[in-house]
Amino acid sequence: MDFGEFDEDGTYVTYEKETLQGAAYEIYLNRVAFGYIAAGYILAIFGNLGEANRFLIGVCVVALSVILLCVGRKICDIFSKKKFTHSIRVKDD
């Protein structure tokens, strides 16, 4: 994968904002996914269904999961675009 382009002297690398935003989006998405997994395990420890309708709870879990996935993806997209609004030029050592 090509992350940037060298200048004519080969001393500076320019990272395009789209590449930076894509990388940041993936990082944020992984962090959100980890948070969801951790929250799920914590909730499972304290969860007790008792006599509740398991099918209804399953439908609610699926619906909430879809909502959280959509919201999480949108938040990651917003954060990645706000963090990297322009290309970055970095000196190559």
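Just so we're clear, the structure is a prediction, and the values are computed from it rather than from any experiment.

Conventions used here
- Residues numbered from 1 in each chain as written.
- Predicted model: local features only at pLDDT ≥ 70, side-chain atom pairs only at ≥ 80, totals over all residues.
- Heavy atoms only, no water.
- Helix = DSSP H or I, 4+ residues; strand = E, 2+ residues; numbered from the N terminus.
- Buried < 20%, exposed > 50% of the residue type's maximum accessible area, 1.4 Å probe, protein only.
- Areas by Shrake-Rupley, 256 points an atom, 1.4 Å probe, with all protein chains shown as cover.
- Contact = heavy atoms within 4.5 Å.
- pLDDT = per-residue confidence, 0-100.
- Phe/Tyr/Trp six-rings, centres within 6.5 Å; stacked < 30°, edge-to-face > 60°.
- Salt bridge = Lys/Arg side-chain N within 4 Å of Asp/Glu carboxyl O.
- Patch = residues over 30% accessible without salt bridge, like charges linked within 9 Å, V, L, I, M, F, W, Y side chains within 5 Å.
- 1 Å grid on protein atoms, 1.4 Å probe; cavity = no way out; pocket = protein on both sides within 12 Å on 5 of 7 lines; lining within 4 Å.
- Points joined across faces, edges and corners; volume = space filled by probe spheres on them.
- Nonpolar A, V, L, I, M, F, W, Y, C, P; charged D, E, K, R; others polar.

Caption draft 1: Looking closely at the overall build of the protein chain. Scanning the protein chain from N- to C-terminus turns up two helices and three strands. In the protein chain, the order of α-helices and β-strands from amino to carboxyl end is β-β-α-α-β. Evaluated residue by residue, the protein chain yields a buried proportion of 11% over its 93 residues. When the accessible surface of the protein chain is summed, it comes to about 7,600 Å², and 65% of that surface belongs to carbon and sulfur atoms.

Caption draft 2: Here's a closer look at the side chain of serine 80. In this structure, serine 80 sits in helix α2 (residues 54–83). If near-sequence neighbours (up to four positions away) are discounted, serine 80 is found in contact with Gln21, Ala24, Tyr25 and Tyr28.

Caption draft 3: How the structure looks around the confidence of the model for the protein chain. When the pLDDT values of the protein chain are averaged, the result is 86; 89% of them are 70 or greater. Put simply, strand β1 (residues 5–6) is where the protein chain has its lowest mean pLDDT, 66, and α2 is where it has its highest, 92.

Caption draft 4: Quick look at the packing of aromatic side chains. In total, this model carries one aromatic pair according to the counting rule given. Summarising the aromatic geometry, the rings of tyrosine 28 and phenylalanine 79 are spaced 6.2 Å apart at their centres and angled 80 degrees between planes, so their arrangement reads as edge-to-face. Of this pair, tyrosine 28 sits in helix α1 (residues 17–46) while phenylalanine 79 sits in helix α2, and the two are 51 residues apart along the sequence. What makes phenylalanine 79 partly exposed here is its relative accessible area of 47%.

Caption draft 5: Region of the structure containing the pattern of salt bridges. Applying the stated criterion across every chain, the model contains one salt bridge. Across the salt bridge formed by lysine 81 and aspartate 77, the nearest N and O atoms sit 3.7 Å from each other. Of this pair, lysine 81 and aspartate 77 both sit in helix α2, four residues apart, which is roughly one turn of the helix. Residue classification places lysine 81 among the partly exposed positions, given a relative accessible area of 45%. Owing to a relative accessible area of 24%, aspartate 77 belongs among the partly exposed residues under this scheme.

Caption draft 6: Spotlight on a nonpolar patch on the surface. A contiguous nonpolar surface patch, about 780 Å² in accessible area, is contributed by Tyr36, Leu64, Ile67, Leu68, Leu69, Val71, Ile75, Ile78 and Phe79. Broken down by element, the residue count for the nonpolar patch peaks at eight residues, all from α2.

Caption draft 7: The layout of surface pockets, seen in detail. Reported here for the largest pocket is a volume of approximately 500 Å³. Around the largest pocket sit 15 residues that line it, and Gly40, Leu43, Val61, Leu64 and Ser65 are the ones nearest its centre. At the level of secondary structure, the elements contributing two or more residues to the lining of the largest pocket comprise α1 and α2. Per element, the largest residue contribution to the lining of the largest pocket is seven residues, and it comes from α2. Of the residues assigned to the lining of the largest pocket, the class counts are eleven nonpolar, four polar and no charged.

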